[in-house]
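Each chain is listed here by its residues.
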Amino acid sequence: KKRQKMDEFEFTENSRAMFDEACLLSPWLVRHFTRNGLTKGLKEEGCGVVTEEIMYTVCRKVTPPKYLDRTIELLDTLKTV
């Protein structure tokens, strides 16, 4: 499986694209908050290897409710497994 590193994470499947696209879904001015929130969520999950399923779990935890449906729809378009 292809793996991409970012800091202490190893992204597998299509999880890196999910991470990047979830960040890009945010307005430009708050994108760094989104990236930091996702990174913190991944750290709290205690995972070094990030799968697509973990991205769903973290997005559900850190995404504000009013944006959650849109974020999950985006993840669904990128899901490979």
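Look up a bit, the structure's there.
### A short note on a nonpolar patch on the surface
Right, so step 1: Side chains of Trp28, Leu29, Val30 and Phe33 sit close together on the surface and give an oily, nonpolar patch of about 500 Å² of accessible area.
Right, so step 2: Relative to the helices and strands, Leu29 resides in the loop between α1 (15-25) and α2 (31-45).
Right, so step 3: Judged by relative accessible area, Leu29 falls into the exposed class, the value being 64%.

### Let's talk about the side chain of Thr71
Right, so step 1: Summarising the element assignment, Thr71 is placed in helix α4 (residues 65-78).
Right, so step 2: For Thr71, a relative accessible area of 7% translates into the label buried.

### Details of the environment of His32
Right, so step 1: As for its position among the elements, His32 is in helix α2.
Right, so step 2: Each C-alpha atom of the pair His32 and Glu53 lies 23 Å from the other, and the pair is 21 residues apart in sequence.

### Observations regarding the pattern of salt bridges
Right, so step 1: The full count for this structure, using the stated rule, is five salt bridges.
Right, so step 2: Salt-bridge contacts for Glu8 lead to Lys43; the nearest nitrogen and oxygen are separated by 3.8 Å. Pair noted here: Glu8 is in the loop between β1 (4-6) and β2 (9-11) and Lys43 is in helix α2, with a separation of 35 residues, a long-range link.
Right, so step 3: Take Glu8: its relative accessible area is 42%, and that puts it in the partly exposed class.
Right, so step 4: The partner of Arg16 in a salt bridge is Asp20, and the shortest N-O contact between them spans 3.1 Å.

About the criteria used
Positions within a chain are numbered from 1, following the residues in the order the chain's sequence is written. Local features in this predicted model are restricted to residues of pLDDT 70 or higher, and side-chain atom pairs are both shown and tallied only at a pLDDT of 80 or more, whereas totals for entire chains, interfaces and linings draw on every residue. Hydrogens and water molecules were not included; the side-chain quantities draw on all heavy atoms of the structure. For patch building, the residue pool is restricted to those with more than 30% relative accessible area and no salt bridge; the joining distance is 9 Å between like charges and 5 Å between nonpolar side chains (Val, Leu, Ile, Met, Phe, Trp, Tyr). Here the Shrake-Rupley method, with its probe set to 1.4 Å, supplies the accessible areas, and only the displayed protein chains count as covering residues. We count a salt bridge whenever a side-chain nitrogen from Lys or Arg sits within 4 Å of a carboxyl oxygen from Asp or Glu. Think of it this way: any DSSP run of H or I at least four residues long counts as a helix, any run of E at least two long counts as a strand, and we number them from the N terminus. Throughout this description, buried means an accessible area under 20% of the type-specific maximum (1.4 Å probe, protein chains only), exposed means over 50%, and partly exposed covers the range between.

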